[in-house]
Amino acid sequence: MKKRTKILVVVAILAAFFITAASTLPEDKEIKIQTVKAVWGDRVPTLRTPQFFEQFMDVTAPSVLIDNWVILKRIRFNAEKDTVFAGIGMFNQIWLRK
């Protein structure tokens, strides 16, 4: 009886974790903006000049590839000849590789 209760508690905790993770994935637009800023650094136009920022994002955002897995999003960046792992997105947070 006690073993069955422990198994049910563990399953309930895991289910809560996966449901929370799947329902709090960050948006693709925010992922692309943060990834481009992390890759390009201070060369990204600021939001004070929105026309230049939008043009820059139109050119660079297609290089960001987002793989939507069940509980996280894998973020990759297309470099010239290869694809580089950039980070992950989960729980409304985006963790990028430095």
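For clarity, every value in this text was computed on a predicted model and none was experimentally measured.

What counts and what doesn't
Residues numbered from 1 in each chain as written. Predicted model: local features only at pLDDT ≥ 70, side-chain atom pairs only at ≥ 80, totals over all residues. Heavy atoms only, no water. Helix = DSSP H or I, 4+ residues; strand = E, 2+ residues; numbered from the N terminus. Rg over C-alpha atoms; globule rule 2.2 N^0.38 Å. Buried < 20%, exposed > 50% of the residue type's maximum accessible area, 1.4 Å probe, protein only. Areas by Shrake-Rupley, 256 points an atom, 1.4 Å probe, with all protein chains shown as cover. Lys, Arg positive; Asp, Glu negative; His and termini not counted. Charge placed at Lys NZ, Arg CZ, Asp CG, Glu CD. Pairing = 2+ DSSP bridges. Axes fitted to C-alpha atoms, helices over the stretch in contact; angles between N-to-C directions. Patch = residues over 30% accessible without salt bridge, like charges linked within 9 Å, V, L, I, M, F, W, Y side chains within 5 Å. Salt bridge = Lys/Arg side-chain N within 4 Å of Asp/Glu carboxyl O.

Here the focus is the overall build of the protein. Within the protein, the secondary structure is distributed over 3 helices and 4 strands. When the helices and strands of the protein are read in sequence order from the N terminus, they spell out α-α-α-β-β-β-β. Compactness check: the protein gives a C-alpha radius of gyration of 18 Å against a globular reference of 13 Å for 98 residues, more than 25% above the reference. Among the 98 residues that make up the protein, the fraction classed as buried is 27%. As displayed, the protein has an accessible area near 7400 Å², and 61% of this comes from carbon and sulfur atoms. Here the protein contributes 15 positive and 9 negative side-chain charges, whose respective centroids are spaced 15 Å apart.

The next thing to look at is the sheet that holds strand β1 (residues 64-68). Within the open sheet, the 4 strands sit side by side as β1-β2-β3-β4. Their pairing is antiparallel. Looking along the sheet, the strands with just one partner apiece sit at the ends: β1 and β4 (93-96). The sheet shows a mean angle of 25 degrees between the axes of neighbouring strands, taken without regard to direction. Where strand β3 (residues 83-90) lies against β4, 4 bridges are found, and the strand directions are antiparallel.

What follows deals with a nonpolar patch on the surface. Together, V10, L14, F17 and F18 line one region of the surface with nonpolar side chains, adding up to about 350 Å² of accessible area. By the element assignment, V10 lies in helix α1 (residues 2-23). By relative accessible area, V10 is classed as partly exposed at 46%.

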